[in-house]
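# Fold and geometry: a report
Below are the chains, spelled out letter by letter.
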Amino acid sequence: MSKNRVNSVDSADPAAPDLTLRGVQVFRGWLDAADQAALVEDLRNVAQAAPLFSPMTPYGKPMRVRMTSAGRKGWVSDRRGYRYADRHPGGGDWPPIPKRVLDIWHGITGLDRMPDCCLINYYDAGARMGLHQDRDEADFAWPVVSVSLGDDGLFRVGNLTRGGTTESLWLSSGDVVVMGGAARLIYHGIDRIRPGSSTLLPQGGRINLTLRVVD
Ligand code: MD3
Ligand code: FE
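Conventions and cut-offs
Residues numbered from 1 in each chain as written. Chains lettered and ligands numbered in written order. Predicted model: local features only at pLDDT ≥ 70, side-chain atom pairs only at ≥ 80, totals over all residues. Heavy atoms only, no water. Near = heavy atom within 4 Å. Polar contact = N/O pair within 3.5 Å; in protein donor to acceptor, adjacent residues only side chain to side chain. Areas by Shrake-Rupley, 256 points an atom, 1.4 Å probe, with all protein chains shown as cover. 1 Å grid on protein atoms, 1.4 Å probe; cavity = no way out; pocket = protein on both sides within 12 Å on 5 of 7 lines; lining within 4 Å. Sits in = over half its atoms within 2 Å of the grid points. Helix = DSSP H or I, 4+ residues; strand = E, 2+ residues; numbered from the N terminus. Nonpolar A, V, L, I, M, F, W, Y, C, P; charged D, E, K, R; others polar. Donors = N, O, S within 2.8 Å, 3.2 Å for Na, K, Ca; no water. Buried < 20%, exposed > 50% of the residue type's maximum accessible area, 1.4 Å probe, protein only. Salt bridge = Lys/Arg side-chain N within 4 Å of Asp/Glu carboxyl O. Arc of directions from axis to C-beta. Contact = heavy atoms within 4.5 Å. Core = buried A, V, L, I, M, F, W, Y, C linked by side-chain atoms within 4.5 Å.

### So, the site of ligand 1
Every one of the 19 residues lining ligand 1 counts as a neighbour, but Asn121, Tyr123, Met179, His188 and Arg206 are closest to it. One of the side-chain nitrogen or oxygen atoms of histidine 188 is found 2.9 Å away from an oxygen atom of ligand 1. In the model, an oxygen atom of ligand 1 is placed 3.0 Å from a nitrogen or oxygen of the arginine 212 side chain. Protein contact buries 98% of the 500 Å² of open area that ligand 1 shows by itself. When atom positions are compared with the pocket grids, ligand 1 is found to occupy the largest pocket. Every element with two or more residues in the shell around ligand 1 is listed here: β6 (117-123), β7 (129-132), β8 (144-150), β12 (188-194) and β13 (206-212). When grouped by side-chain class, the residues that make up the shell around ligand 1 number nine nonpolar, six polar and four charged.

This is the structure we're talking about:
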């Protein structure tokens, strides 16, 4: 079972986060080691059908984080800009979102509406993701759910506009983060990973899944 809460058996109430940072809810250890390993297997299958690629920023510089997606929509970036697309850049359909991933979404949000996109980010030892907002989706009333796997990542949370103070915390393998309500449009990023901090991925690195309702 994925829930490590004492009362996970007896309630339909939404789970309580271990920590809330500027409205971003952090559920530590939501996935146990067996869940994490099974999830990685599912993601290997996704990446076999829809290979990881290095998105080109609109400024012409490739992103260091490699990405792919599962679901009806996938996130792409090229000189035309950032957007959701019906197809992988190589031309094929995006694979379906693995059931195990949809179960995490439902288990943590309680929502019956399933996400349209599971964006898969892969960070190697030197990868980072600068502060940004996620605003390519049609309706910001839906939350975004993030799942961390593999090496620890230093997550930074800012404000609803660029600038101002920020706060950081390390996300570890098995942690799940929910961005809903006012936190949905908060600036956030990953400063760096901590190579060698997890043995989940034989080659090391960090995988982050973000689950999104797109339209
Ligand atoms: C806060 N990914 O894919 S996940 C992204 O770890 C992204 O790969 C980071 O930012 C990663 O867009 C951070 C946590 C996260 C995701 C989406 C958010 C935090 C968020 C949307 C709104 C606010
Ligand atoms: Fe983001």
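After that view of the structure, there is still more to cover.
### A word on the coordination of the iron ion (ligand 2)
All of the protein donors around the iron ion (ligand 2) are His132 (NE2), Asp134 (OD) and His188 (NE2); their distances to the metal are 2.0 to 2.2 Å. Spacing between the donor residues of the iron ion (ligand 2) along their common chain follows H-x1-D-x53-H. With a relative accessible area of 21%, histidine 132 lands in the partly exposed category. On the accessibility criterion, aspartate 134 (10% relative accessible area) is buried.

### Quick word on the pattern of salt bridges
Under the counting rule described, the total for this entry stands at 17 salt bridges. For aspartate 116, the salt bridge is made with arginine 72, and the minimal N-O distance between the two is 3.1 Å. Of the two residues, aspartate 116 is situated in the loop between α2 (99-109) and β6 and arginine 72 in the loop between β3 (66-71) and β4 (74-78); the sequence distance between them amounts to 44 residues. Using a relative accessible area of 47% as the deciding quantity, one classes arginine 72 as partly exposed. Here arginine 212 and aspartate 134 are joined by a salt bridge, their closest N and O atoms 2.8 Å apart. Placement of arginine 212 in strand β13 and of aspartate 134 in the loop between β7 and β8 is noted, with a sequence separation of 78 residues between them. Across the pair, exposure class does not vary: arginine 212 and aspartate 134 are buried alike. Three or more residues are tied together by salt bridges with common partners; here these are Arg72, Arg113, Asp116 and Asp215.

### Side note on α2
Regarding α2, the residues found buried are Val101, Ile104, Trp105 and Ile108. Each buried residue of α2 lies within a common arc of 95 degrees when the element is viewed along its axis, so the set occupies one face. Structurally, α2 contributes buried residues whose contacts are with β2 (24-27), α1 (33-49), β6, β8, β11 (176-179) and β13. Looking at the residues trailing α2, positive phi occurs at glycine 110, about 75 degrees.

### Focus on the nonpolar core
The nonpolar side chains of a soluble globular protein tend to be buried with one another. Formed by 28 residues in total, the largest nonpolar core has its most connected members in Leu149 and Leu209. Secondary-structure elements contributing two or more residues to this core are α1, α2, β6, β8, β11 and β13. With sequence-adjacent residues up to four places away left out, leucine 209 is seen in contact with Leu39, Leu43, Val101, Cys118, Leu119, Ile120, Val145, Ser146 and Val147. In terms of nonpolar packing, the next biggest core, distinct from the first, is built from 25 residues, Met67, Met179, Ile190 and Ile193 among them.

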